[in-house]
Structure formats: structure tokens, C-alpha cells
Amino acid sequence: MKIAILGFGSVGKGLARIINEKNLGIIITAVGDSKSGIIDNKGLDICKILDNKEKTGLCGDMKITPELILNSADYDVLVEVTPTNADTGQPALEYIKYALSKGKSVVTSNKGPIALEYSNLLKIAEENKCFLRFEAAVCGAIPIIHALEHGLAGNNIKRIYGVFNGTCNYILTRMSDEKLTYQQALLEARELGYAEADPTYDIKGIDAAIKLVILANTILGFHKTLDDVDITGIDNIPSDALQLAGEDEKTIRLIGEIDVENEKLRVSPRILLKNHTLVVQDTLNAVTAETDLAGNVTLIGKGAGSVETASSIISDLLFIRECNGRRY
Ligand code: HSE
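As the structure is a computational prediction, the values presented were derived from the model and not from experiment. (Residues numbered from 1 in each chain as written. Predicted model: local features only at pLDDT ≥ 70, side-chain atom pairs only at ≥ 80, totals over all residues. Heavy atoms only, no water.)

Caption draft 1: Representation of the sheet that holds strand β1 (residues 2–6) within the structure. With mixed pairing, six strands are arranged side by side in an open sheet as β3-β2-β1-β4-β5-β6. Of all the strands in the sheet, the pair left with one neighbour each is β3 (37–39) and β6 (132–133). Pairing analysis gives three bridges linking strand β2 (residues 27–32) to β3, with the strands arranged antiparallel. When the bridges of β3 are listed, G32 appears paired with G37. Relative to β1, helix α1 (residues 10–21) is tilted by about 155°, and along the sheet it contacts β1, β2 and β4 (77–80). Sheet strands in contact with helix α12 (residues 306–323) are β1, β4, β5 (105–108) and β6, and its direction is about 160° off that of β5. (Pairing = 2+ DSSP bridges. Helix = DSSP H or I, 4+ residues; strand = E, 2+ residues; numbered from the N terminus. Contact = heavy atoms within 4.5 Å. Axes fitted to C-alpha atoms, helices over the stretch in contact; angles between N-to-C directions.)

See below:
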């Protein structure tokens, strides 16, 4: 299987490194970042490219654009991991549409395009007999889409709720356990590559809200937008609120919730008992699906991080290869 990667930040670099280290039968033929790109249809020297990126900030030649990669590289699947734009989905949306319209499957971690145009993108994929997969867009390493779509198939899902943002969870954990200030904890989360390129998406609850919209539209068949979500972030939580909650064996977590029956989506900080299932530490995400047959199913795992996100991207790539009968 040959792939082209657009986006060479924390996620793109982590993915390239892992594919290079593991013998998965995946060949990277092109990589592009916001300023440069590189193509070798026989397979790129990933160590050299990572080294170049580290030293110069560029992955390749400034003359190689994403458009050139999409048109002239030899790839079976486009891996689209550029930063999210929640308002327009661009430029990722155009890259994804272009690849799908050429019959190339797409795997993305990019939330904007899926939240904004899922049904349109799915239609293009179906018309061109290719796949659109986005496991990495929701809850990092947790295979939440696969679990809800396949693992719980046949169930009526009544409610989905939990911790959907690793950065906020990390900040709240560090403020509570290490008594860091909000700014110190945010700085750490950014340095560790957990936060979005624009971290206000995380702390204002927008990232969690986009993930709810994605689940609502892709799993539950709703037609929601970000404007339909009632959002409160963690940016106005004072440190002493966490200390006060702690004295009562409670803590605060940013919780996202889809009330399926009433079609209501909400993200807000909630006070929970410290031993509540959803009170997870650091970048962990924890999501409970309330169902009619299986009862409550809770999935817990790392919700942010380069290797963790790469895990979901690789699982999508291998799923596509499996569905295609290992044609490549
Ligand atoms: N910034 C996101 C988070 C990354 O912290 O959850 C994964 O979507």
C-alpha cells in the first residue's frame, strides 16, 4: 500500500516514524507540509526527511506543493493530517475532495472537514468507490468510531458522554495534582504536542464539541453543526475551584454529551466524584455509550499525542487494505 501524507506536524511526523519502524507493508511516497514537499514513488527515506524537518523546519522542496503531490505522486491512500480549521475545513477539505474524486481513499485525523461536510464527502467516496476513514479525529488512540459503528452494531445508542479532549484533561489533572497554574499546565500540553495548532480550540471546548458533531453525524445520522452544541470551556475555571472540589473527594472534568433522544449536544465542565469512571488522568479520554442491548460500554485510552493518533490512522489504513482484499 502506497500513501501520501499531507501535514507534517506532530501527527504526520509520528506516523511517518512508526511506518518506517514497523513492517506494515506501507510505503510512503510523498510528504507535504505547509511550505514544502517531497515525492519519491519508490518510497521516501523517512529518517532523512525527519532530520531535515528538525533542522530546517521543512520536509522537502519549497517548489513541491500539496496540489503537485495530489496530482503526480503514486499513492493508494491520502493521509490528510494538516491542522483543523473548524470554520471552513480548508485547505484540508479541498485536498480530501480532490483525492476522493480521483478514486483515492482518504484517512484523516482532521476534524474540520468531517464535521462540516461528512455526507458530501461520503457521497464523493461512494461515487468513486473508495473509502473515507477518520478514526483519529475522535479520541486519539481509542477506536471509538469502529466500536460504535461495528462493535455495537444492532444496539440503540441512547447517550454518549465522556471526556473527549486530552489537552483539557491534562491541564485539569496537572492543576489538581501538581497545583500548576492554568497557564503552566497549558504550556506543558502544548510543548508535549497534545494541543491543537490553535489551543483555544481545546480550552474553549470547541475541539470536544467538534468531536460530538462528528459522532452525531457519522454514527447517529444527525445533521448537526458546531452552532448546535452548547459549549462552555475550561478557560474560566479558577484554580481554587479544583482545590475546593478536591477537599470534598470531587474533581472537575470537561464532559461532552450527546443526548440521542432529544438530539442535544453539550460540552461543559462538571464536578464529579474522584472515583467516577470518567475521572481519568492526564491525556486519557473516557467515553461511555449507553445502549439498549449491551448496557453501558466505556472506552478509555489516550486521547492525544502523536504516536497515539498514528495508531488510529494505521488502523484505518489496514482496514482499507483488508476491505480491498489486499489489492495493495
Ligand atoms: N488537541 C486534541 C486533544 C488532540 O487534546 O484532545 C486530539 O484530538
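That shown, we press on.
Caption draft 2: Expanded view of the pairing of strand β12 (residues 296–302). For strand β11 (residues 284–291) and β12, the ladder comprises seven bridges, and the chain directions are antiparallel. Each bridged residue has a counterpart across the sheet, and for E290 the counterpart in β12 is N296. Where β11 folds back on β12, the antiparallel hairpin that results is connected by four residues, among which G295 adopts a positive phi of roughly 75°.

Caption draft 3: Here's a closer look at the sheet that holds strand β10 (residues 264–273). In space, the six strands of this open sheet follow the order β8-β10-β9-β7-β11-β12, with mixed pairing throughout. Either end of the sheet is taken by a strand with one partner, and the two such strands are β8 (229–231) and β12. When the angles between neighbouring strand axes are averaged without regard to direction, this sheet yields 25°. In this sheet, β10 lies alongside strand β9 (residues 250–259) in antiparallel orientation, the contact comprising ten bridges.

Caption draft 4: Representation of the domain arrangement of the chain in the model. Along its sequence, the chain is carved into domain 1 (2–141 + 307–325) and domain 2 (152–303). Its C-alpha centre places domain 1 at a distance of 27 Å from the equivalent point of domain 2. Domain 1 puts 16 residues into the contact, and the matching count from domain 2 is 19 residues. Note on domain 1 versus domain 2: buried area summed over both sides is about 1,400 Å², and carbon and sulfur give 69% of it. A per-residue breakdown of the area domain 1 buries against domain 2 is headed by K111, V138 and C139, which together make up 37% of the total. If you look at where domain 1 meets domain 2, you find three salt bridges. A salt bridge links D207 to K111; the nearest nitrogen and oxygen atoms lie 2.7 Å apart. Counting every contact that joins domain 1 to domain 2 gives five residue pairs in polar contact (both at pLDDT 80 or more). It is helix α5 (residues 111–127) that provides the largest number of residues to the side of domain 1 that touches domain 2, a total of four residues. Of the residues that constitute the side of domain 1 that touches domain 2, the class distribution is ten nonpolar, four polar and two charged. (Domains from an automatic or database assignment. Buried area = accessible area lost by both parts, 1.4 Å probe. Salt bridge = Lys/Arg side-chain N within 4 Å of Asp/Glu carboxyl O. Polar contact = N/O pair within 3.5 Å; in protein donor to acceptor, adjacent residues only side chain to side chain. Nonpolar A, V, L, I, M, F, W, Y, C, P; charged D, E, K, R; others polar.)

Caption draft 5: Representation of the pairing of β2. Of all six residues in β2, five are buried; the element is thus mostly enclosed. A loop of four residues connects β2 with β3, the two strands running antiparallel in sequence. (Buried < 20%, exposed > 50% of the residue type's maximum accessible area, 1.4 Å probe, protein only.)

Caption draft 6: Examining the site of the ligand more closely. Taken together, K111, N165, G166, T167, Y194, A195, E196, D202, D207, K211, G303 and A304 make up the full set of residues adjacent to the ligand. Between the ligand and G166 there is a distance of 2.8 Å, counted from an oxygen atom to a backbone nitrogen or oxygen. For the ligand, an oxygen atom lies 2.9 Å from a polar atom in the side chain of K211. Here the ligand, which alone exposes 250 Å², has 93% of that area covered by the protein. (Near = heavy atom within 4 Å. Areas by Shrake-Rupley, 256 points an atom, 1.4 Å probe, with all protein chains shown as cover.)

Caption draft 7: Just the side chain of E80, in detail. As for its position among the elements, E80 is in strand β4. Despite its burial, E80 remains without a salt bridge, the nearest opposite charge being carried by K111 at 11 Å. Apart from residues no more than four positions distant in its own chain, E80 is found in contact with L6, A92, Y95, I96, V107, T108, S109 and N110. (Lys, Arg positive; Asp, Glu negative; His and termini not counted.)

Caption draft 8: Local environment of the environment of A141. Mapped onto the fold, A141 is located in the loop between β6 and α6 (144–151). For A141, the contacting residues outside a window of four places in its chain are K302, E308 and S312.

Caption draft 9: Up close: the pattern of salt bridges. What the rule picks out here adds up to 17 salt bridges. With a closest N to O distance of 2.8 Å, R174 and E188 form a salt bridge. Linking R174 in helix α7 (residues 166–177) with E188 in helix α8 (residues 182–191), this pair joins segments that are 14 residues apart in sequence. Several salt bridges converge on common partners, so that one network encompasses K111, E196, D207 and K211.

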